[in-house]
Each structure stands twice: as structure tokens, then as C-alpha cells.
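# Analysis of the macromolecular model
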Amino acid sequence: MNENRVSTYLLYALGEIVLVVIGILIAFSIDSWNEDRQKRDLETRYLKEIKVSLEADITSGERIISMNLKRLAHFDTLLTKMQNRNQEEMILSLMPNLEPSFYYDIFKMNRIGFDNMVSSESISLISNDSLRQSLSQYYTDEAAWQERIELQSRKFVDLMVPRAMTGKLLKATTGYDLPIQKTYELQINEDPEIMNLFFSLIQTTMSQNRMITRKTSNAQHILKLINEATKNK
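Quick notes on the rules
Residues numbered from 1 in each chain as written. Predicted model: local features only at pLDDT ≥ 70, side-chain atom pairs only at ≥ 80, totals over all residues. Heavy atoms only, no water. Helix = DSSP H or I, 4+ residues; strand = E, 2+ residues; numbered from the N terminus. Buried < 20%, exposed > 50% of the residue type's maximum accessible area, 1.4 Å probe, protein only. Contact = heavy atoms within 4.5 Å. Areas by Shrake-Rupley, 256 points an atom, 1.4 Å probe, with all protein chains shown as cover. Phe/Tyr/Trp six-rings, centres within 6.5 Å; stacked < 30°, edge-to-face > 60°. Lys NZ or Arg CZ within 6 Å of the ring centre and 35° of its normal. Arc of directions from axis to C-beta. Core = buried A, V, L, I, M, F, W, Y, C linked by side-chain atoms within 4.5 Å. Polar contact = N/O pair within 3.5 Å; in protein donor to acceptor, adjacent residues only side chain to side chain. Salt bridge = Lys/Arg side-chain N within 4 Å of Asp/Glu carboxyl O.

## So, the overall build of the chain
The helix and strand inventory of the chain stands at seven helices and zero strands. For the chain, the α and β elements follow one another from N to C terminus as α-α-α-α-α-α-α. For the chain, the proportion of its 233 residues judged to be buried stands at 33%. A separation of at least 24 residues holds for 85% of the contacts in the chain among residues at least 6 apart in sequence. Taken as a whole, the chain presents about 14600 Å² of accessible surface, with 56% of it coming from carbon and sulfur.

## Topic: the packing of aromatic side chains
Scanning the model with the defined rule gives seven aromatic pairs in all. Ring geometry for Phe75 against Phe198: centres 5.3 Å apart, planes inclined by 65°, an arrangement best described as edge-to-face. In this pair, Phe75 is assigned in helix H1 (residues 2-81) and Phe198 in helix H7 (residues 192-229), connecting sequence segments 123 residues apart. Look at Phe198 and Phe199: their rings are 5.9 Å apart centre to centre, the planes differ by 85°, and that puts the pair in the edge-to-face class. An aromatic cluster of three or more residues is present, and its members are Phe75, Phe102, Phe156, Phe198 and Phe199. Geometry around Tyr46 places Arg45 over its ring, the cationic atom sitting 5.2 Å from the centre.

## Section: helix H4 (residues 129-138)
Of all the residues in H4, the buried ones are Leu131, Ser134, Leu135 and Tyr138. Across the axial projection of H4, the buried residues extend over an arc of 100°, all falling on one side. Relative to its buried face, H4 has exposed residues pointing more than 90 degrees away, namely Asp129, Gln133 and Gln137.

## Notes on the environment of Ala73
For Ala73, the location among the structural elements is in helix H1. Distance from Ala73 to Asn97, taken between C-alpha atoms, is 8.9 Å for residues 24 residues apart in sequence.

## Topic: the nonpolar core
Proteins that are soluble and globular tend to have nonpolar side chains buried together. Membership of the largest hydrophobic core comes to 24 residues, with the highest contact counts inside it found for Ile50, Leu54, Leu131, Leu135, Tyr138 and Tyr139. Of all elements in the fold, only H1, helix H3 (112-119), H4 and H7 reach the threshold of two or more residues within this core. With near-sequence residues (within four places) excluded, Tyr138 lies in contact with Leu54, Asp57, Phe107, Met109, Lys215, Asn218, Ala219 and Ile222. In terms of nonpolar packing, the next biggest core, distinct from the first, is built from 22 residues, Phe75, Leu159, Ala164 and Leu197 among them.

## A short note on helix H2 (residues 87-98)
Buried within H2 we find Gln87, Met90, Ile91, Leu94, Asn97 and Leu98. Within H2, the buried residues cover an arc of 115° as seen down the axis, which keeps them to one side. Capping the start of H2 is the job of one residue whose side-chain oxygen sits 3.0 Å from the backbone nitrogen of Glu89: Asn86.

## Topic: the pattern of salt bridges
The tally for this structure, following the rule as stated, stands at five salt bridges. A salt bridge links Arg154 to Glu150; its shortest N-O distance comes to 2.9 Å. Of this pair, Arg154 and Glu150 both sit in helix H5 (residues 143-164), separated by four residues, roughly a single helical turn. Using a relative accessible area of 47% as the deciding quantity, one classes Arg154 as partly exposed. Judged by its relative accessible area of 24%, Glu150 is partly exposed. With its nearest N and O atoms 3.8 Å apart, the salt bridge here joins Lys155 to Glu193. On the criterion of sequence distance, the pair formed by Lys155 in helix H5 and Glu193 in helix H7 is long-range, its members being 38 residues apart. Overall, the relative accessible area of 38% leaves Glu193 in the partly exposed class.

## Brief notes about the side chain of Ser153
Topologically, Ser153 is positioned in helix H5. The class of Ser153 is buried, set by a relative accessible area of 1%. Beyond its immediate sequence surroundings of up to four residues, Ser153 is in contact with Arg71, Tyr104 and Leu201.

Now the structure itself:
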């Protein structure tokens, strides 16, 4: 009789232990599920923020590419006009295309979303390895390379403006008739410094367009990965 009671008690105790263990396991599972859900929600939030940044990059890149193509067209027209051996006529004919050829811009990636994620040490939240790697490669800074187009453009303005400013040009553009003397002996189209800088600037502008085209293409690829990762979220 006592043995039956002991057996019953042991079975009851074992059952209680099993129930406690099951409860603990369920609690752990719920905590793990909640933690994973919070991570995925945070990942989605960061990715949507990065998506906005990438869309801004594409818009900015397309604008700069368009501006550069117009600039290159002005460069081509300037070269054609420079073939005129009459210096005064040549200078006057350059003006409609000279000022627009001075315009440039630097492609700056919108890094807000990505930097927010990096600063919070949350980049590991991105579960897609390809997406995480693509983002890291995309945000490799190329601003230093673009300093070249800024320096060349400023130097181009500094060299061209004083050489192009003649009495006839001043009168044609402002109406003032002043006896401006020629400052430089070399003509614009015979000045090796100007012409070397001119052709170098053309190449730099084309290189910038290629770089921006590559960046925007990568941005579009990453946007597809983000859309897939955040689908239905």
C-alpha cells in the first residue's frame, strides 16, 4: 500500500517537473520568437531608411549625368569655335557656351540610413548576405576621386575668364566701352596650359559620368534586394 503511494507520488512529481520544463521551454521559445521578430522589424526599418537614401542617390546621379552631358556638348562647341583664326570673332562666339561649361557638381551619396545602422552596430541584422555585402561595397567613399573635377573646373574658370575678357567682349556683354588691354600674349586656342586643362577636364567629366552610372546601377540592384527583403513587411 505504501509502495503504491510512493509510486503515485513519484509519478505526480515527475509530471510536475515535466510540466515545469515544458513551460520553461515554451517561455524560451516565445522569448526567442519575440527577439527574432524585434530584430526583423529593426532590420526592415533600417532597410526602408536606406531605400529612401538610395532613391535620392539615383535622382541626384541622373541629374548630374544630364548636366555633364550638356557640359560636354558645350565643350565640343567651344572646340569648334576655337578653330576660328580671328581672335576677336572667336572670343565673342565662345561666350554662349563658355559660362555653361563652367558648371559642375559632385556626386555625394546620401549615407544617412546606412550610417545610422552602422553607428548603432546593427549591420549584422541584415540577414541576406548578398545584400549586406552589396551595401558595404556601395558605400565605399569615392568623394576623394571627384575632387579632381572640382579642382580642374575652378582652374579652368580662373584661366579662361581673364584671357577671354577683351574690350569688345565687355561691350557686347555689359554695354560698357572701356579700353581694356590684352593681358596675355598667347591666344586661348594657342595656350598649351589652357588646352591641356581643357582636354583633361573633358576626360574627367566623362569619367565622372561613368562612375555615377556605375553607382546608380548598383543602387538599383540593391533596391531590388531590399524590396525582396521587405516584401509584405
